[in-house]
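Working through the structure, step by step
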Amino acid sequence: IFTHAGDDMTDIFAAFHAPGSHSLMRKFYIGDLIPESVTHKDASQLAFEKGYRDLRSKLIMMGMFKSSKVFYAYKCSFNMCMWLTAVAMVKFSD
């Protein structure tokens with residue numbers, strides 16, 4: 001957090017937080033960053049950030065960030081089967 005103090009945290013926040021966490025963070029809202037106050041970014045950096053945000057928006061529209069409960073159920077059951085197999089191997093080995 002301190003490495004980005006005074007900078008636009010939109011992309012960093014979006015990368016590490018679920019979409020629903022925005023409503024929980026309202027009580028910590030300080031204000032908007034004035035774009036003209038950012039003097040350490042050149043045009044190529046700003047263009048890169050715009051491209052990143054556009055790509056993220058397209059991926060959200062395509063549903064790429066939606067999780068599947070079936071997939072997580074499969075992963076949990078697979079891991080439990082692996083654990084049970086390990087326990088059985090220990091129990092029935094000499």
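All of these numbers come straight from a predicted model, not from anything done at the bench.

**Focus on the layout of surface pockets**
- By volume, the second largest pocket amounts to about 190 Å³.
- Contributing to the lining of the second largest pocket are Asp7, Asp8, Leu33, Pro35, Val38, Lys41, Leu46, Glu49, Lys50 and Arg53.
- Residues belonging to the lining of the second largest pocket are distributed by class as follows: four nonpolar, no polar and six charged.

**A few points about the packing of aromatic side chains**
- Taken as a whole and judged by the stated rule, the model has two aromatic pairs.
- Residues phenylalanine 71 and tyrosine 72 carry aromatic rings whose centres are separated by 5.5 Å and whose planes lie at 75° to one another, so their mutual orientation is edge-to-face.
- A residue is classified by how much of its surface remains accessible, and phenylalanine 71, at 44% relative accessible area, is partly exposed.
- Taking the relative accessible area as the measure of exposure, tyrosine 72 reaches 49% and is therefore partly exposed.
- When the ring centre of phenylalanine 65 is taken as origin, the NZ or CZ atom of arginine 56, which lies over that ring, is 5.0 Å away.
- The cationic tip of lysine 91 hangs over the ring face of phenylalanine 92; the distance from NZ or CZ to the ring centre is 6.0 Å.

**Focus: the state of the cysteines**
- Per the stated rule, a full pass over the model turns up zero disulfides.
- Here cysteine 76 stays unpaired: no disulfide links it, and the sulfur of cysteine 81, its closest cysteine neighbor, is 11 Å away.

**Examining the pattern of salt bridges**
- By the definition in use, this model includes one salt bridge.
- Aspartate 54 is the salt-bridge partner of lysine 50, the closest N and O atoms lying 2.9 Å from each other. Note that lysine 50 and aspartate 54 are positioned in helix α3 (residues 43-61) at a spacing of four residues, about one turn of the helix.
- Judged by its relative accessible area of 35%, aspartate 54 is partly exposed.

Cut-offs and rules
- Counting restarts for each chain, with residues numbered from 1 along the sequence as it is written.
- Where local features are concerned, this predicted model is filtered to residues with pLDDT of at least 70; where side-chain atom pairs are given and counted, the filter is 80 or more; whole-chain, interface and lining totals use all residues.
- Calculation of side-chain values draws on the structure's entire complement of heavy atoms; hydrogens and water are dropped beforehand.
- Of the two site types, the cavity is a set of points on a 1 Å grid over the protein atoms alone where a 1.4 Å probe fits but cannot get out, and the pocket is an open set with protein on both sides within 12 Å along at least five of seven lines, each lined by residues with an atom within 4 Å of a point.
- Grid points are joined across faces, edges and corners, and a volume is the space filled by probe spheres set on the points.
- Residues are grouped as follows: Ala, Val, Leu, Ile, Met, Phe, Trp, Tyr, Cys and Pro are nonpolar; Asp, Glu, Lys and Arg are charged; all remaining types, including Gly, are polar.
- For Phe, Tyr and Trp, where Trp contributes only its six-membered ring, two rings pair if their centres lie within 6.5 Å, and the inter-plane angle classes them as stacked under 30 degrees, edge-to-face over 60, or tilted in between.
- Each residue's exposure class comes from its accessible area (1.4 Å probe, protein chains only) as a fraction of the maximum for that residue type: buried when under 20%, exposed when over 50%, partly exposed otherwise.
- Any Lys NZ or Arg CZ found within 6 Å of a ring centre and within 35 degrees of that ring's normal is scored as a charge over the ring.
- Working definition: a disulfide is two cysteine sulfur atoms within 2.5 Å of each other.
- Each reported salt bridge corresponds to a side-chain nitrogen of Lys or Arg within 4 Å of a carboxyl oxygen of Asp or Glu.
- For the purposes of this entry, the term helix denotes a DSSP run of H or I that reaches at least four residues, the term strand denotes a run of E that reaches at least two, and both are numbered from the N terminus.

So yeah, pure geometry; function would need other evidence.
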